[in-house]
Amino acid sequence: MRLATESALENAFAAPAVQVRKLTKSFKGRAALSSVDLNIAVGEMVALVGASGSGKSTLLRNLNALHQAEVGTVEIFGSPLQVDGKLHSKTRQLRSQIGFIFQQFNLVNRLTVLENVLVGGLSQVPLLRSLRRGFSKTEKLRALSALERVGILDQAYKRASALSGGQQQRVAIARCLMQGAQIILADEPIASLDPESARKVMELLTCLNESEGITVVTSLHQIQMVRRYFKRAVALRDGRVRFDGLMIDLDDRQLNEIYGAAAEELVRSGHGEVFTASKAY
Ligand SMILES: Nc1ncnc2c1ncn2[C@@H]1O[C@H](COP(=O)(O)OP(=O)(O)OP(=O)(O)O)[C@@H](O)[C@H]1O
């Protein structure tokens, strides 16, 4: 049996799951990311926070090369994914290790839950071709096992559109598992969910991180959820990293700086829970 300290030591010497250097990305001449540096170790669970427009989605999309930056590098498990705007020859292979989940789940509504997960296993193959090709018994068993791991095996033969938002997000996570993802990037995965479904999705991501060692990077607006589920947070403001450290060290003064003018707007619009001490307003 391997000891926890052995695997902790292995991780300490392994290449980071994600390494970002001087990443700079603009849209129509406006900087969305400015010289971002970031290291995420294998098996870490990290929250990306910051006001709307601070660059969280852009950063996540660069981590799996959905977007390409003009300058800077992204390495995955020590291999370059993109360098100064150019995709590396290994990009396709590296991307297969990275699952991505979206706020709106991105399932194919007319397919069953099982088919959605099976298609996820063939992420590089166009949808129609993969459906025409059919799936082997082994692939179906793997997909059913992925659904069992996310707790919705009993929904396998329903249409995706018949599921609740929380269940659909769990299908999206099962698709990442089917894909064999070692890293899950989640862009506002709970923003469209009711509090109970949000809690279940966060607990599932935490469980996959803790029990299977999957590295998880999640953008989130709800600071109280970040406090509950994450040890480390990376905060962006105007495309720059303004904080990278332990959640317990991210105090209200820093949050006010990170959210800037957006802080007051959040409190006014009834989202003052972002700050533990909203009485400052
Ligand atoms: N496809 C695009 N075309 C033009 N500008 C974009 C595009 N995507 C992002 N931007 C701009 O880049 C900046 C960062 O946006 P991004 O979506 O990364 O922020 P965010 O922190 O994820 O915001 P939110 O919390 O609202 O999702 C913003 O100014 C945004 O308007």
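Quick note: structure is the one above.
Quick caveat, the model's predicted, so the values are computed rather than measured.

Caption draft 1: Expanded view of the sheet that holds strand E2 (residues 30-40). The strand order E2-E1-E4-E5-E6 describes an open sheet built from five strands, whose pairing is antiparallel. Pairing within the sheet leaves two strands with one partner each, and these edge strands are E2 and strand E6 (86-87). Sheet topology places strand E4 (residues 71-76) next to strand E5 (residues 79-83); four bridges connect them, and they run antiparallel. Across the sheet, the residue bridging to Thr73 is Val83, located in E5. Its contacts with the sheet put helix H2 (residues 56-63) on strand E1 (18-27), E2, E4 and E5, and the angle it makes with E1 is roughly 125 degrees.

Caption draft 2: Representation of the sheet that holds strand E11 (residues 240-246) within the structure. Spatially, six strands are ordered E7-E8-E9-E3-E10-E11 in an open sheet, and the strand pairing comes out mixed. Both edges of this open sheet fall to strand E7 (98-101) and E11, since each of them pairs with a single strand only. On average, each strand axis in the sheet is inclined to that of its neighbour by 15 degrees, with strand direction left out of account. Bridge analysis of strand E10 (residues 232-237) against E11 gives six bridges, and the strand direction is antiparallel.

Caption draft 3: Here's a closer look at the site of the ligand. With respect to spatial proximity, the complete set of residues near the ligand consists of Phe27, Ala32, Ala51, Ser52, Gly53, Ser54, Gly55, Lys56, Ser57, Thr58 and His221. Note that an oxygen atom of the ligand is positioned 2.5 Å from one of the side-chain N or O atoms of Ser52. A distance of 3.1 Å separates an oxygen atom of the ligand from a polar backbone atom of Ser54. Relative to its free-state accessible area of 630 Å², the ligand is covered by the protein chains to the extent of 61%. The dominant element in the shell around the ligand, judged by the number of residues it contributes, is H2, at three residues. Considered class by class, the residues forming the shell around the ligand number three nonpolar, seven polar and one charged.

Caption draft 4: Focus on the pattern of salt bridges. Scanning the model with the defined rule gives 10 salt bridges in all. Between Asp187 and Arg61 there is a salt bridge, with the nearest N and O atoms lying 2.7 Å from each other. With Asp187 in strand E8 (residues 183-187) and Arg61 in helix H2, the pair connects residues that are 126 residues apart, well separated along the chain. With a relative accessible area of 7%, Asp187 lands in the buried category. Salt bridges sharing common partners tie together Glu44, Arg232 and Asp244.

Conventions adopted
Residues numbered from 1 in each chain as written. Predicted model: local features only at pLDDT ≥ 70, side-chain atom pairs only at ≥ 80, totals over all residues. Heavy atoms only, no water. Pairing = 2+ DSSP bridges. Helix = DSSP H or I, 4+ residues; strand = E, 2+ residues; numbered from the N terminus. Contact = heavy atoms within 4.5 Å. Axes fitted to C-alpha atoms, helices over the stretch in contact; angles between N-to-C directions. Near = heavy atom within 4 Å. Polar contact = N/O pair within 3.5 Å; in protein donor to acceptor, adjacent residues only side chain to side chain. Areas by Shrake-Rupley, 256 points an atom, 1.4 Å probe, with all protein chains shown as cover. Nonpolar A, V, L, I, M, F, W, Y, C, P; charged D, E, K, R; others polar. Salt bridge = Lys/Arg side-chain N within 4 Å of Asp/Glu carboxyl O. Buried < 20%, exposed > 50% of the residue type's maximum accessible area, 1.4 Å probe, protein only.

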